[in-house]
Amino acid sequence: MWSGPPQPDQGLPPSLAAVPVSWKSTGPCQGHRESPGALVETSAGEEAQGQEGPAAAQLDVLRLRSSSMEIREKGSEFLKEELHRAQKELKLKDEECERLSKVREQLEQELEELTASLFEEAHKMVREANMKQAASEKQLKEARGKIDMLQAEVTALKTLVITSTPASPNRELHPQLLSPTKAGPRKGHSRHKSTSSTLCPTVCPAAGHTLTPDREGKEVDTILFAEFQTWRESPTLDKTCPFLERVYREDVGPCLDFTMQELSGLVRAAVEDNTLTIEPVASQTLPAVKVAEVDCSSTNMCALSGLTRTCRHRIRLGDSKSHYYISPSSRARITAVCNFFTYIRYIQQGLVRQDAEPMFWEIMRLRKEMSLAKLGFFPQEA
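Residues numbered from 1 in each chain as written. Predicted model: local features only at pLDDT ≥ 70, side-chain atom pairs only at ≥ 80, totals over all residues. Heavy atoms only, no water.

Per an unreviewed UniProt entry, the recorded name for the protein is Guanine nucleotide exchange factor for Rab-3A isoform X5, and the organism is Sapajus apella. UniProt lists a comment for the protein under the heading Sequence similarities (unreviewed entry), and it reads "Belongs to the SEC2 family." (UniProt positions renumbered as here; feature names shortened; annotations may be inferred.)

Right under this line is the structure:
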């Protein structure tokens, strides 16, 4: 007898109890009739076989779900760890970048400070160099001025020295550098430049009387004085200016116009360049061979005039080793011109501290001496 479907409280598993099973009532079969016990066993076996397949499938699904969830959880944990690791590395990199950025900013600041310091130091060095250069140029300029002044003083001292020999001493100095009360005779050395030549003494034995310029009547020529004042404002040795052009034409040219024209031109150029030297001839004559090699004239003939005269002086032009013997008259003419050039050089160099009129009269006196020397008046040598 079938007692209905099994209930959960009968001890069956829930999964099996949940599976619905269709039951059919079986009537008595024709020709064969089973016992009730056999029918119960047959029904139970069929029910077990019908419920075994879905339970296995459900278990497989549960296992798959469990494995999937486990894999998902492990994957999630792995991804979280990787994310945490990546965030940690990113943080470290951010910190490193920040540190490097600070280092870069510090280096840039130090570089800017160093650049500014270098520029400041360079400007300071340039400024100091410019100051030193300016000071050096100033010192050089002052030194050159002192050198020029010393050279002018040396030249002035040379011009104060006169030629003096035992046979013919000269006692006059340049009166333009001395006061009338202090101008007196003194001796000098025997060798000198053209600017060191002696002035014509106030006593002219050929004239037979003593010249006293202070007692002579004098009157200023306005044309000459105007030309001199114009030249005095800007002293120059340019012979094209009206003042010097007149002196060249009226005094210097005629006074240095000797018979030997070629040598006269050389003497004139040497006087203008201040390179002419007048030397006294020693009392002992040089050996004949040496004289022939060095000297270009005889002691008994003037190289400028060509006349036979006793020549006690000789001239040398520039650095040449050749000498030319000259007569006393030629020497007087040359020294008169040299004295004039010496005085105007003094004026140009600022060594003459006088008013215009005394300077003018001194130049007129020097022109007068050139005229007298050209006319043949010269001091008689003892």
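Having seen it, we continue.
**Student:** What's the story with the overall build of the protein in this structure? I'm lost.
**Tutor:** A count of helical and extended segments in the protein gives eight helices and six strands. Helices (α) and strands (β) of the protein occur, in sequence order from the N terminus, as α-α-β-β-β-α-α-α-β-α-β-β-α-α. Going through the 382 residues of the protein one by one, you find that 27% of them count as buried. Within the protein, contacts between residues at least 6 apart in sequence are counted, and of these 71% link residues at least 24 apart. A total of about 26,100 Å² of accessible surface is found on the protein, and carbon and sulfur atoms cover 56% of it. (Helix = DSSP H or I, 4+ residues; strand = E, 2+ residues; numbered from the N terminus. Buried < 20%, exposed > 50% of the residue type's maximum accessible area, 1.4 Å probe, protein only. Contact = heavy atoms within 4.5 Å. Areas by Shrake-Rupley, 256 points an atom, 1.4 Å probe, with all protein chains shown as cover.)

**Student:** Looking at this model, I keep getting lost on helix H7 (residues 328-349). Mind explaining?
**Tutor:** Each full turn of the α-helix corresponds to 3.6 residues, which orients residues three or four apart in the same direction. Compared with an ideal rise of 1.5 Å per residue, which puts 22 residues at 32 Å, H7 spans 31 Å between its outermost C-alpha atoms and is within 8% of the ideal. Looking at the residues trailing H7, positive phi occurs at Gly350, about 75°. (Expected span 1.5 Å × (residues − 1).)

**Student:** So what exactly am I meant to see when it comes to the pattern of salt bridges here?
**Tutor:** Opposite charge on two side chains allows them to pair when their charged atoms are near. Scanning the model with the defined rule gives 17 salt bridges in all. Among the ionic pairs, Lys74 bridges to Glu70, the shortest N-O distance being 3.5 Å. Of this pair, Lys74 and Glu70 both sit in helix H2 (residues 36-160), four residues apart, which is roughly one turn of the helix. Assessed through its relative accessible area of 52%, Lys74 is described here as exposed. (Salt bridge = Lys/Arg side-chain N within 4 Å of Asp/Glu carboxyl O.)

**Student:** How should I be thinking about helix H3 (residues 222-233) in this particular structure?
**Tutor:** Spanning 12 residues, H3 covers 17 Å between terminal C-alpha atoms, matching the ideal 16 Å at 1.5 Å per step. All of the buried residues along H3 are Leu224, Phe225, Glu227, Phe228 and Trp231. Relative to the axis of H3, the buried residues are bounded by an arc of 160° and lie together on one face. Opposite the packed face of H3, turned more than 90 degrees from it, sit the exposed residues Thr222, Ile223, Thr230 and Glu233. On its buried side, H3 packs onto helix H4 (242-255), H7 and helix H8 (356-375). At the N-terminal boundary of H3, the capping side chain belongs to Asp221, with an oxygen 3.0 Å from the backbone nitrogen of Ile223. (Arc of directions from axis to C-beta. Polar contact = N/O pair within 3.5 Å; in protein donor to acceptor, adjacent residues only side chain to side chain.)

**Student:** Looking at this structure, I do not really get the packing of H3 against H4. What am I missing?
**Tutor:** The packing of two helices is summarised by the inter-axis angle and the distance between the axes. At their nearest, the axes of H3 and H4 sit 8 Å apart, and the two run at 125° to each other. Viewed along their axes, H3 and H4 adopt a mutual orientation that is oblique. Packed against H3, whose contacting residues are Ile223, Leu224, Glu227, Phe228 and Trp231, the element H4 presents Pro242, Phe243, Leu244 and Arg246 at the interface. (Axes fitted to C-alpha atoms, helices over the stretch in contact; angles between N-to-C directions. Parallel < 35°, antiparallel > 145°, perpendicular 65-115°, else oblique.)

**Student:** I tried to follow unusual backbone geometry on my own but got confused; where do I start?
**Tutor:** A negative phi holds for most residues other than glycine; trans holds for most peptide bonds. Despite not being glycine, Asn274 has its phi angle at roughly 60°, a positive value. Its place among the elements puts Asn274 in the loop between helix H5 (261-273) and strand S4 (276-280).

**Student:** Even after reading the chapter, I still don't get the packing of H5 against H7, so can you show me in this structure?
**Tutor:** With their axes 9 Å apart at the nearest point, H5 and H7 run at an angle of 25° to one another. The angle between H5 and H7 falls in the class roughly parallel. Between H5 and H7 the crossing geometry is right-handed. Counted together, Val267, Val271, Glu272 and Asp273 of H5 and Ile334, Val337, Cys338, Phe341 and Arg345 of H7 form the full contact between these two elements. Looking at the contact of H5 with H7 residue by residue, the classes come out as six nonpolar, no polar and three charged. (Left-handed = near helix turned anticlockwise from the far one by under 90°. Nonpolar A, V, L, I, M, F, W, Y, C, P; charged D, E, K, R; others polar.)

**Student:** Please clarify how the packing of aromatic side chains should be interpreted in this entry.
**Tutor:** Here a ring pair, both rings aromatic, is described through the centre-centre distance and the interplanar angle of the planes. Applying the stated criterion to the full structure yields nine aromatic pairs. We note Lys218 situated over the ring of Trp361; from NZ or CZ to the ring centre the distance is 4.9 Å. (Phe/Tyr/Trp six-rings, centres within 6.5 Å; stacked < 30°, edge-to-face > 60°. Lys NZ or Arg CZ within 6 Å of the ring centre and 35° of its normal.)

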